Amino acid sequence: MPAAKPSNRKMTYPPHHGLRGRFCALLLIVLLASPAFADSIESLSGTVIQGKIVSRDDKFVVMDVALGGKTVQRKYGLSLIRAIIIDGVREELKPGGNTPAPGPRLGPGVNPGPAGTRTKAEIDKLIAEAGRTPPDWFEDTPLNLPKSLDLAWPEKPPGGWNNQVNVGQFVWDVINPNDKRWREGIKFMQQMMDMHKNDNEKRQRAMSSMAGMYHHFFQDYARAAYWWLQAKDRTDWVGVAECYFRLGNKAMAMEIVMALRRRPSYPISLVKLVADMGETNLAIEMTADTIKAGSNAADEAMMHAGDACRLAGRFKQAQGYYEKIIAMPDDKNNKRSKDRARESLQGIKLFDTLDVKKVADGSYKASSLGYEGQVEIEVKVAGGRIDSLRVSNHKEKQYYAALTDTPAQIVAKQSVKGVDATSRATITSEAIINATAKALSGAMK
Amino acid sequence: MRLNWFLPFLRVSKKGPPRKSPGLVVRLFSIIIPKRYQSNTISGKPGPLRKLLKKISPAWSASPLRKLSQTAFFILFLVLFFYVCWPYSAKPAQVWTGWQPLEVDPDSGVTSLINELPPPASLAVGRVVYLADPTYEPPPGASEEERASSLGAFVVQSIEEKTIRLKPREKLTPQQAEAIAFAAGKLTLHEKPPGAWPVHYAEERDRKEKIAAEAILIIDPLVSLSTGLASRAWVWSLVAAGVILIICVFIPRGFCGYICPLGTLIDLFDWAIGKRVTRFRAPDDGWWVHIKYYVLLGTLIAAMFGVLISGFVSAIPVLTRGLLFIFHPLQTGAHRGWHNVPSIHIGHFVSLILFAAVLVMGFWKPRFWCKYVCPSGAVFSVFNHFRATERKVESTCINCNKCVEICPFDAIKPDFTTRVTDCTLCQTCGGACPVDAIKFVDRGNRVELKVLNDPPTHETAIGRRGFLAAGVGIAAAGIGGTAVALTIKGGARLDDPTAWRPVRPPGSVPEQEFLQMCIRCGECFKACPNDVLQPLGFEQGMEGLWSPHVVADFAGCEVSCNNCGQVCPTGAIRALSMPEKKAARMGLAIVNESTCLPYAGREACQLCVDECVAAGYDAIEFIRTGTRVDEQGNPIEGTGFISPIVREDKCVGCGLCQTRCFAINVAEKKLLDESAIIIKAGAGREDRMMTGSYVLQRKREAAAREEEMKKRFSN
């Protein structure tokens, strides 16, 4: 299922991204990956929609598309379609040549994803071209650096950790956690590279850092690969492999993966890449190797394997990994994995396996943190359906709309999935959704 | 010139001298009102209109037009105060969710969408809507324009059951057409461009404000005169004061008789309660008859010392504050739940006692406040010397004393002539006069006047005692005003940079001028969504009493609102446009690094950051604190906490962060004793300007920073 697979990297980095965001992404993947329909069409920028093609004339293709459990007949203008694939046979309507490079999302709703295939020559060309030009926002991005920052950037800065003096620590503590400053981070590294153009070591450090930013922050794989390959002594090969894969050449990526795997040790992030590439079994194998080798990063490897299984819809197996992590003896390094494993387990329970039909008739209460405090809901279930839902207690100060709108949506949809947060009352809405999920899943037989 | 409008035609016609040429208003009414409602001039039977008015009260039957005017202005005042200034009818821009694209015509861009339910009535044909993909995340660090990007603006072309057809207003780009056609999830329709800065509170107030909400306040002349004098600045409402004073050249003291809602309320009180309690009635005039002039003098002298005390005694502010402190909590509690009523403090009680005193004076004499104490009325009394019209009594007077009895302002002497500084031209006496001897005419009219001092008034021009009394009064006013000014001044300790500073509303003028211009009327509290602005108690002594300050523990300043400046009658809070308000700094959020949960290493918390991002200011960022390093000096992933850090170049001090930290970490979870992020005012933390643009100020600062960065990378 190489189809719709948004970058998972972005979902896990930086760590403050919401739990729900991750759930939604996983849900979307699971939904889209269900292979109930044989045909698919690919848009000009590479979005793939699967369905059953019903008819076609000189202007439109008509297709049955399943979304959220319902099938709708949708019409797609031929001029917006790059390729039509019927029973595995691909028909190019706008063959190659002008394919845009996948990178940051091109526009609302247009999801680049791995656009099938590119040859090695195409990939190399793409990377070389992207590296020559800065992104269009580059000029207009203001820098806002503390006056105390030491731009001489010594490799081993004297004194202790100080994010207001040392460049690397400033990037780690100040730029990385703030998505609003990521553009600034790239511009900063570019300026450092220009400033230290006669110092090869510092130049390469700036390049590698910039490549990481293009990769982690912007999923701009072409530019990330370009700068990593430029920083000859500091190339992150797992990163480069991922770039190749995202740009549409899995073979080039696997070549690097296999080479790295032959080494006595490899970064644990390689397991994640393999999982992300859909090689679930290989990821499980590598995880087993890691555990066998007694690596102190076994928790992380298992986390990756668990995520890979969850992504592939193998919930039982995923649960197994998460539970194993939670059962590990506590130490200061695995706390993060354990917390995440707990979150993921709860996520599978609350959202993935929640089924109102399995809830006994009755009235259930639960609460979740809202804007001003706990928002308590009371949900009544009758005959496997959500009969009514109301907010029974709250201290919210404004945007009362959410207090009636969100319950109404949940009742109409008979689900906590796909409920739109009431405009400008997201926190209240989400509290109602979470509390409802808690109440229902707690009452499941 | 004849200004009679006491409608004598409603009365029974008596034999005697024929009526003198009735005024224009009277003639007009006798034409408009059907004959059967008027009194029968032949049989002498009073008409139904006359009977009805008589039933209500003598004042209504004697001068119905004035009572109508009073009623109209009183209702207008209540509507402005309790309806126009009530912000909660504002609704955020509408969003219609759950739209699945069916078809996009790549040529015309006409788009069909389907929903599970038929669209609501609000989504009507011809309406302009903006289409958006809720799953779209703008690129990190996107500018405001990028964030506001949508799938285009459309006009609703037709609605058919659950399907809606939209026609684009401008040609769709191929990217937009593709994004709509290939959208994986459901799309949303928006009333306003998605991502645009919300303005619903400002728009709603603007929609309701057909007449300026502060209209009645700005025509209280003492409000403008005293604030202008105290701050030595041009107060724009002086224009309104000028206009009303010019009008009152023609209708002397007409404000008091026809407009002033406090006067009307006092009338109501006297009618409902005052007249039933007679034991306190004062039989005669006494020492108090000239208090109002001394209060006015004292107020103006204090203003000359730069201390504003007119907020304590000026008619309309006393009324607005009284109504606010009594009825606003009730309105809030009944409409929005009692947990939304802010707590009260001693300042509220002081104001309420003052308000009650104004009413209770009515036990002494009806309208005691208006006749003898009100300094706003005294301004009109002084200006009455420039009157162009006045009440005159003709020689047909039969000395029946009816006019003296009915006059609500004690403005008729024993000889039935007029105390010109007190007469409000209310014309009640004209309506009561059985022989039509009273006329309201130009000042120079000398025709057929009755003789003066008959019966004798026993008034002398000014006797020794009178002179002495006036002297003592003036001296007391001067000394009192000065003493009050000196006592109050300095309460705010403006010279002391370490003194506590209240966080003022956005667009407040510099603190010194603010204290001198804020009339303490309470309009801003009334118009403020969620009661962010609340009256100060004695934190700044008397100098800051009842002035507005931000209570961010209770609520933060709503992003889509600029009401406080728009309803301020004196300009103490500048009337800012939304873009200016968005840029005006009222304070700076300061994180307490010893208590803030992640800083203290207690637990992860990002309430304030989420709040600031949701509000659209992006002024609180993350910073990693407590990062641990390995042997090589490299940071260990996942160590430390992500803590909040405020960007001084972006924070406007709205207080939303503090509200949230307080509500959750202090009130709900009881983790902290006080919010770990607090808005503080003071030099360098707020913009306090009399004039100039806050937007330009921010731009200048940004340019300076850019220049400085360039310099650093150039060597």
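Residues numbered from 1 in each chain as written. Chains lettered and ligands numbered in written order. Predicted model: local features only at pLDDT ≥ 70, side-chain atom pairs only at ≥ 80, totals over all residues.

Draft legend 1. Structural view of the overall build of chain B. A tally of regular secondary structure across chain B gives 28 helices and 15 strands. Each of the three principal axes of chain B carries a C-alpha extent, and together these read 110 × 65 × 50 Å. Looking at chain B residue by residue over its 715 residues, the buried ones come to 48%. Contacts in chain B between residues far apart in sequence, at least 24 positions, make up 75% of those at least 6 positions apart. (Helix = DSSP H or I, 4+ residues; strand = E, 2+ residues; numbered from the N terminus. Buried ≥ 20, exposed ≤ 12 C-beta atoms within 10 Å, placed from the backbone. Contact = placed C-beta atoms within 7 Å.)

Draft legend 2. Examining the overall build of chain A more closely. Summing up its helical and strand segments, chain A has 16 helices and nine strands in all. Looking at chain A residue by residue over its 445 residues, the buried ones come to 44%. For chain A, the proportion of contacts with a sequence separation of at least 24, taken over those separated by at least 6, is 51%.

Draft legend 3. Broad picture of the environment of Thr659(B). All names here are of chain B. Locating Thr659 in the fold gives a position in helix H27 (residues 656–668). It is 5.9 Å that separates the C-alpha atoms of Thr659 and Gly556, two residues lying 103 residues apart in sequence. Residues contacting Thr659, with those up to four places away along its chain left out, are Ala552, Asp553, Ala555 and Gly556.

Draft legend 4. Helix H7 (residues 221–230) of chain A, seen in detail. Residue and element names in this part refer to chain A. Within H7, eight of the ten residues are buried, which leaves the element mostly enclosed by the surrounding structure. Restricting attention to buried positions, one finds in H7 the residues Tyr221, Ala222, Arg223, Ala224, Ala225, Tyr226, Trp227 and Trp228. Tucked inside the fold, the buried residues of H7 contact helix H3 (120–132), helix H6 (200–218) and helix H8 (237–247).

Draft legend 5. Geometry of the confidence of the model for chain A. All names here are of chain A. Mean pLDDT over chain A works out to 78, with 81% of the residues at or above the 70 mark. When pLDDT is averaged over each element of chain A, H7 comes out on top at 94 and helix H1 (residues 9–12) at the bottom at 31. This stretch, residues 1–36, has a pLDDT under 50; its non-local contacts, to residues over four places away or in other chains, come to 50 contacts. Under a pLDDT of 50 for its full length, residues 97–115 has, in the predicted model, 63 contacts with residues more than four places off or in other chains. (pLDDT = per-residue confidence, 0-100.)

Draft legend 6. Representation of the interface of chain B and chain A in the model. Listed per partner, the contact involves 58 residues of chain B and 51 residues of chain A. Every element with two or more residues in the side of chain B that touches chain A is listed here: strand S1 (95–104), helix H6 (174–181), strand S13 (620–625), H27 and helix H28 (694–714) of chain B. For the side of chain B that touches chain A, the class distribution of residues is 31 nonpolar, 16 polar and eleven charged. (Nonpolar A, V, L, I, M, F, W, Y, C, P; charged D, E, K, R; others polar.)

Draft legend 7. Molecular detail of the packing of helix H13 (residues 291–304) of chain B against helix H21 (residues 464–488) of chain B. All names here are of chain B. Contact geometry for H13 and H21: axes closest at 8 Å, N-to-C directions at 35°. Judged by the twist between their axes, the crossing of H13 over H21 is right-handed. Side by side, H13 and H21 meet where Tyr294, Leu297, Gly298, Thr299, Ile301 and Ala302 of the first sit next to Gly473, Ile474, Ala476, Ala477, Gly478, Gly480, Gly481, Thr482, Val484 and Ala485 of the second. Partitioning the contact of H13 with H21 into residue classes produces nine nonpolar, seven polar and no charged. (Axes fitted to C-alpha atoms, helices over the stretch in contact; angles between N-to-C directions. Left-handed = near helix turned anticlockwise from the far one by under 90°.)

Draft legend 8. Representation of unusual backbone geometry. Despite not being glycine, Asn399(B) shows a phi value in the positive range, around 55°. One non-glycine residue with positive phi stands out, namely Phe416(B), at about 70°.

Draft legend 9. Summary view of the sheet that holds strand S8 (residues 374–382) of chain A. Residues and elements named next belong to chain A. Taken in spatial order, the three strands make up an open sheet running S7-S8-S9, and their pairing is antiparallel. Every other strand in the sheet has two partners, leaving strand S7 (362–369) and strand S9 (385–393) as the edge strands with one partner each. When strand polarity is set aside, the average angle formed by the axes of neighbouring strands in this sheet is 25°. As defined by bridge partners, S7 adjoins S8 across eight bridges and the pair is classed as antiparallel. Bridged to Lys365 within S8 is Glu378. (Pairing = 2+ DSSP bridges.)

Draft legend 10. Structural detail: the pairing of S8(A). Residue and element names in this part refer to chain A. The side-chain alternation of S8 yields one buried face, formed by Val375, Ile377, Val379 and Val381, and one unburied face, formed by Gln374, Glu376, Glu378, Lys380 and Ala382. With seven bridges connecting them, S8 and S9 associate as antiparallel partners. Within S9, the position partnered with Glu376 by the bridge is Asn393. Taken together, S8 and the strand that follows it, S9, pair antiparallel across an intervening segment of two residues, in which Gly383 is found at a positive phi of about 60°.

Draft legend 11. Structural context of helix H7 (residues 200–208) of chain B. Among all positions of H7(B), only His200(B), Tyr201(B), Ala202(B), Glu204(B) and Arg205(B) are buried. Residues of H7(B) that are buried make contact with helix H23 (523–527), helix H24 (563–567) and helix H25 (578–583) of chain B.

Draft legend 12. Highlighting the environment of Gly481(B). Inspection of the secondary structure assignment puts Gly481(B) in helix H21. Dropping the residues within four chain positions of it, Gly481(B) is found in contact with Leu297(B), Gly298(B), Thr299(B), Ile301(B) and Ala302(B).

Draft legend 13. Looking closely at the packing of helix H26 (residues 607–615) of chain B against H27(B). Residue and element names in this part refer to chain B. Contact geometry for H26 and H27: axes closest at 8 Å, N-to-C directions at 140°. The orientation of H26 with respect to H27, classified from their angle, is oblique. Considering how the two elements wind past one another, H26 and H27 form a crossing that is right-handed. Where H26 abuts H27, its residues Leu607, Cys608, Glu611, Cys612 and Ala615 lie against Leu656, Cys657, Arg660, Cys661 and Ile664. Considered class by class, the residues forming the contact of H26 with H27 number eight nonpolar, no polar and two charged. (Parallel < 35°, antiparallel > 145°, perpendicular 65-115°, else oblique.)

Draft legend 14. A look at the confidence of the model for chain B. All names here are of chain B. Averaged over every residue, the pLDDT of chain B is 88; the share at 70 or more is 95%. Within chain B, the lowest mean pLDDT, 70, falls on helix H5 (residues 144–147), and the highest, 97, falls on strand S12 (residues 588–591). We note a pTM of 0.80 for the whole complex and an ipTM of 0.74 for its interfaces.

Draft legend 15. Local environment of the environment of Lys186(B). Residues and elements named next belong to chain B. By the element assignment, Lys186 lies in the loop between H6 and strand S6 (187–190). A C-alpha to C-alpha distance of 40 Å links Lys186 and Ile678, two positions 492 residues apart in sequence. Setting aside anything within four residues of it in sequence, one finds Lys186 in contact with Thr97, Gly98, Trp99 and Gln100.

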